[in-house]
Amino acid sequence: MDMENKQITCLEEKNKEDIVYLFYREEDDNWHKTVHKNKGDIDSNVADTFSEMKDDDTTMYLVKWGDEIIGFFGYYEDKTGKALVGFHIGKKFRTKDFMPLFWEEVKKVFKTTFFIAIFEENIPAIDHLKRQGCEIINKLEIDLKEYCILQLKF
């Protein structure tokens, strides 16, 4: 993939559900049934993810490389701190060249320590977040599912 002559950008996005569909269509049935916390089909998994991001208090950001969307993430802040509300990186961009670029953009938006809750069976995401500098600081049960609470400190 040509890494030259393109810039990485991070933009707010209003069509949250459409973006989640765009990325979840790339994933195979195994991902939907075993990795996603909902363990459903594409429609129910999109609905589940969108339910966490549909609130006006949660901003969705697109990370783009030129005109191509690399991935998305959600940003939420309240009096307890900042939270990453989901993220997804397109299969094509899960490379050593693009992963650091994606996380640089996330860090630019957050500017400080943030938290994220990840379904404990989503080992690929947990391992990936650890490689980005996140630490598991707690575990939490929500709706009979266990989540790892991770924190990224700057």
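Residues numbered from 1 in each chain as written. Predicted model: local features only at pLDDT ≥ 70, side-chain atom pairs only at ≥ 80, totals over all residues. Heavy atoms only, no water.

Applying the stated rule across the entire model yields 10 salt bridges. When the shortest N-O distance is used, the salt bridge between Glu121 and Lys39 registers 2.7 Å. Highlighted residues: Glu121 in the loop between β5 (114–119) and α5 (123–131) and Lys39 in the loop between α2 (29–35) and α3 (42–53), separated in sequence by 82 residues. A salt bridge links Asp97 to Lys96, with the nearest nitrogen and oxygen atoms 3.8 Å apart. For Asp97, a relative accessible area of 38% corresponds to the partly exposed category. The class of Lys96 is exposed, set by a relative accessible area of 72%. Residues joined by salt bridges that share partners form a network here, namely Lys6, Glu68 and Lys92. (Salt bridge = Lys/Arg side-chain N within 4 Å of Asp/Glu carboxyl O. Helix = DSSP H or I, 4+ residues; strand = E, 2+ residues; numbered from the N terminus. Buried < 20%, exposed > 50% of the residue type's maximum accessible area, 1.4 Å probe, protein only.)

Turning our attention to the packing of aromatic side chains. How two aromatic rings sit relative to each other is given by the distance of their centres and the angle of their planes. If you walk through the whole model with that rule in mind, you get 12 aromatic pairs. Consider the rings of Phe102 and Trp103, whose centres lie 5.2 Å apart with planes at 80°: the pair is edge-to-face. Taking the relative accessible area as the measure of exposure, Phe102 reaches 0% and is therefore buried. A cation over a ring is seen here: Lys145 above Phe119, with NZ or CZ 6.0 Å from the ring centre. (Phe/Tyr/Trp six-rings, centres within 6.5 Å; stacked < 30°, edge-to-face > 60°. Lys NZ or Arg CZ within 6 Å of the ring centre and 35° of its normal.)

What follows concerns the state of the cysteines. The full count for this structure, using the stated rule, is 0 disulfides. Looking at the unpaired Cys10, the closest cysteine sulfur is the one in Cys134, lying at 16 Å. The thiol of Cys148 is unpaired, and the distance to the nearest cysteine sulfur, on Cys134, comes to 11 Å. Residue class for Cys148 comes out buried when judged on its relative accessible area of 4%. (Disulfide = S-S within 2.5 Å.)

Moving on to the layout of surface pockets. The volume enclosed by the largest pocket comes to roughly 890 Å³. In terms of lining residues, the largest pocket is bounded by 34 residues, among which Gly86, Phe87, Ile118, Asn122 and Ala125 are the most central. Mapped onto the lining of the largest pocket, the elements with two or more residues apiece are α2, α3, β4 (81–89), β5, α5 and β7 (145–152). A total of 7 residues in the lining of the largest pocket trace back to one element, the largest contributor, which is β4. (1 Å grid on protein atoms, 1.4 Å probe; cavity = no way out; pocket = protein on both sides within 12 Å on 5 of 7 lines; lining within 4 Å. Points joined across faces, edges and corners; volume = space filled by probe spheres on them.)

To continue, consider the environment of Arg25. Relative to the helices and strands, Arg25 is located in the loop between α1 (16–24) and α2. Along the backbone, Arg25 and Val46 are 21 residues apart, and their C-alpha atoms lie at a distance of 9.6 Å.

Our focus in this paragraph is α5. For an α-helix, the turn length of 3.6 residues means that residues three or four places apart are oriented alike. Looking at α5, one finds that the buried residues are Ala125, Ile126, His128 and Leu129. Looking down the long axis of α5, one finds its buried residues gathered within 165° of arc, a one-sided arrangement. What points out from α5, more than 90 degrees from its buried face, is the exposed set Pro124 and Arg131. Tucked into the core, α5 has its buried residues touching β4, α4 (98–110), β5, β6 (135–142) and β7. Where α5 begins, one side-chain oxygen reaches toward the backbone nitrogen of Ala125, 3.1 Å away; that side chain belongs to Asn122. (Arc of directions from axis to C-beta. Contact = heavy atoms within 4.5 Å. Polar contact = N/O pair within 3.5 Å; in protein donor to acceptor, adjacent residues only side chain to side chain.)

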